[in-house]
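Residue-level structural notes
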Number of protein chains: 2
Amino acid sequence: MAYEKKDVPIIVVKRLPRYYRYLSDLLNQGVTRISSSALSKKMGVTASQIRQDFNYFGGFGQQGYGYSVERLRDEIADILGLKNGYKTIIIGAGNLGHALANHTNFKKRGFTLIGIFDNNPDLIGKTIAEIEVMDIKKLESFMKSEKPDIAILSLPKSAVRDVAMEVYRLGIKGIWNFSYWDPDISIDVPLENVHLSDSLMTLSYNIAKKEERADK
Amino acid sequence: MAYEKKDVPIIVVKRLPRYYRYLSDLLNQGVTRISSSALSKKMGVTASQIRQDFNYFGGFGQQGYGYSVERLRDEIADILGLKNGYKTIIIGAGNLGHALANHTNFKKRGFTLIGIFDNNPDLIGKTIAEIEVMDIKKLESFMKSEKPDIAILSLPKSAVRDVAMEVYRLGIKGIWNFSYWDPDISIDVPLENVHLSDSLMTLSYNIAKKEERADK
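Overview of the structure. This is a predicted model, so every value here is computed, not measured. (Residues numbered from 1 in each chain as written. Chains lettered and ligands numbered in written order. Predicted model: local features only at pLDDT ≥ 70, side-chain atom pairs only at ≥ 80, totals over all residues. Heavy atoms only, no water.)

Concerning the environment of Lys147 of chain A
Residues and elements named next belong to chain A. Its location among the elements puts Lys147 in the loop between α7 (139-146) and β9 (150-153). Note on Lys147: relative accessible area 55%, which makes it exposed. Residues Lys147 and Tyr19, spaced 128 residues apart in sequence, show a C-alpha to C-alpha distance of 30 Å. Filtering out sequence-adjacent residues up to four positions away, Lys147 remains in contact with Lys87 and Phe142. Within the structure, the side chain of Lys147 is placed 3.0 Å from the backbone oxygen of Lys144, a separation counted as a polar contact. (Helix = DSSP H or I, 4+ residues; strand = E, 2+ residues; numbered from the N terminus. Buried < 20%, exposed > 50% of the residue type's maximum accessible area, 1.4 Å probe, protein only. Contact = heavy atoms within 4.5 Å. Polar contact = N/O pair within 3.5 Å; in protein donor to acceptor, adjacent residues only side chain to side chain.)

Shown next as structure tokens:
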């Protein structure tokens with residue numbers, strides 16, 4: 001690869017999933033080429049920002065001719081590691097775990113779900129997304145033989161810390177966590193916490209601000 | 001209120017839910033006062049950023065004496081509109097809708113779930129989070145009489161656009177949307193899209209980068 005991932009500013013990296021999403025959408029609509037100005041209009045960012053961002057990865061396009069949507073998406077997929085075929089497991093097969101297992105996008109993005117675990121006897125043995133929910137007691141032997149890359153934790157808050165430590169000990173490469181947990185142990189692997197209520201609170205702020213303005 | 005919400009930079013607003021989360025956690029642990037330096041250590045941001053951020057809302061504290069955790073959380077709750085008691089409805093009672101209905105945090109954050117809707121006969125009439133799932137056909141009359149503030153959309157991608165337009169037409173104040181949708185209609189209310197796979201792609205990027213470095 002011509003680019004150096006470590007040189008890409010985090011702010012640019014944060015925009016890549018969004019580019020990937022828009023480009024996938026364009027491809028689905030049959031669009032094969034797009035100019036930075038058309039893409040900028042669609043995404044609500046400036047064309048110069050798009051050009052600047054893409055320059056970090058070699059440019060992807062020709063002046064005046066636009067970008068090849070497929071090539072661009074392909075390169076971004078590569079940068080995001082989506083071609084590495086990361087294997088995921090879900091720990092916690094409740095409603096959220098169930099919803100995540102059926103989230104079709106993850107498969108499209110190159111992730112393969114290879115196991116689902118729970119400690120609830122009512123859930124163990126059930127089939128979700130064509131996978132049989134396994135007893136959490138089998139996690140260790142499963143991880144040793146199947147070597148999943150990413151653990152998706154959809155667990156009660158009280159269980160997250162212990163399970164995160166356990167998958168870390170067993171060699172997981174990354175953790176995608178949906179429960180509130182203020183990491184108080186040093187886990188030397190990438191960890192993404194999804195704080196759903198942060199997004200709801202941001203929405204609430206915007207509603208409150210709009211109401212306050214309307215009152216004036 | 002002494003502050004003007006409109007003067008708060010969006011970057012500061014974006015940090016408020018996180019402050020709120022940490023302060024709630026501290027309160028649960030029985031911590032009543034905290035210095036900006038202790039809070040900064042806990043949150044991994046600089047103490048001067050915390051002081052700067054809080055200055056937008058009148059400071060909240062006394063030099064050298066620390067912040068009252070409860071008062072601080074209370075003020076932030078006010079700014080975020082959490083005291084407005086926004087009423088929410090969930091449209092789409094599948095696994096994700098189900099998980100969201102049971103997400104205890106939303107209640108703690110001041111939001112009240114008053115209705116759940118679906119068009120699936122297998123789900124209509126079922127009880128989720130003590131609420132009976134209603135037929136989507138009843139949405140209009142329900143919205144007219146109950147006036148919910150926020151619609152939470154956990155729908156198939158193909159249905160999101162129409163339902164968003166419908167709740168907008170019926171006077172919703174804000175939309176919290178979990179399906180991929182590139183808003184192509186002008187909806188003049190706050191809209192928060194949750195893109196779960198963006199977060200998974202960021203995790204993937206961080207794993208890939210780490211692996212690449214290890215290979216060198």
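Thoughts on the relation of the copies chain A and chain B
You can overlay chain A on chain B at an RMSD of 0.0 Å; the transform is a turn of 180° with a shift of 0.0 Å along its axis. What the rotation and shift describe, once combined, is the action of a two-fold rotation axis. Residue Asn95 of chain A of chain A places its C-alpha closer to the rotation axis than any other residue of that unit, at 2.5 Å. Interface residue correspondence from chain A to chain B reaches 100%, placing this contact among same-surface, isologous pairings. (Least-squares fit on C-alpha atoms with pLDDT ≥ 70 in both.)

Some thoughts on helix α3 (residues 47-55) of chain A
All names here are of chain A. When we look at burial in α3, the residues that qualify are Ala47, Ile50, Asp53 and Phe54. All buried residues of α3 lie within an arc of 125° about the axis, which places them on one face of the element. The outward face of α3, more than 90 degrees from its buried face, is lined by the exposed residues Gln52 and Asn55. Buried residues belonging to α3 abut α1 (10-28), α2 (36-43), β3 (66-68) and α4 (69-79). (Arc of directions from axis to C-beta.)

As for the side chain of Asn177 of chain B
Its place among the elements puts Asn177 of chain B in strand β10 (residues 174-177). Polar side-chain contacts of Asn177 of chain B include one of 2.8 Å to the backbone oxygen of Ser179 of chain B.

Quick notes on the sheet that holds strand β5 (residues 112-118) of chain A
Residue and element names in this part refer to chain A. Taken in spatial order, the six strands make up an open sheet running β8-β5-β4-β9-β10-β11, and their pairing is parallel. Edge strands, defined here as strands with exactly one partner in the open sheet, are β8 (134-135) and β11 (191-193). Note: β9 against strand β10 (residues 174-177), four bridges, orientation parallel. The residue of β10 that forms the bridge with Ala151 is Ile175. Relative to the sheet, helix α8 (residues 157-169) contacts β4 (87-91), β9 and β10, its axis offset from that of β9 by approximately 170°. (Pairing = 2+ DSSP bridges. Axes fitted to C-alpha atoms, helices over the stretch in contact; angles between N-to-C directions.)

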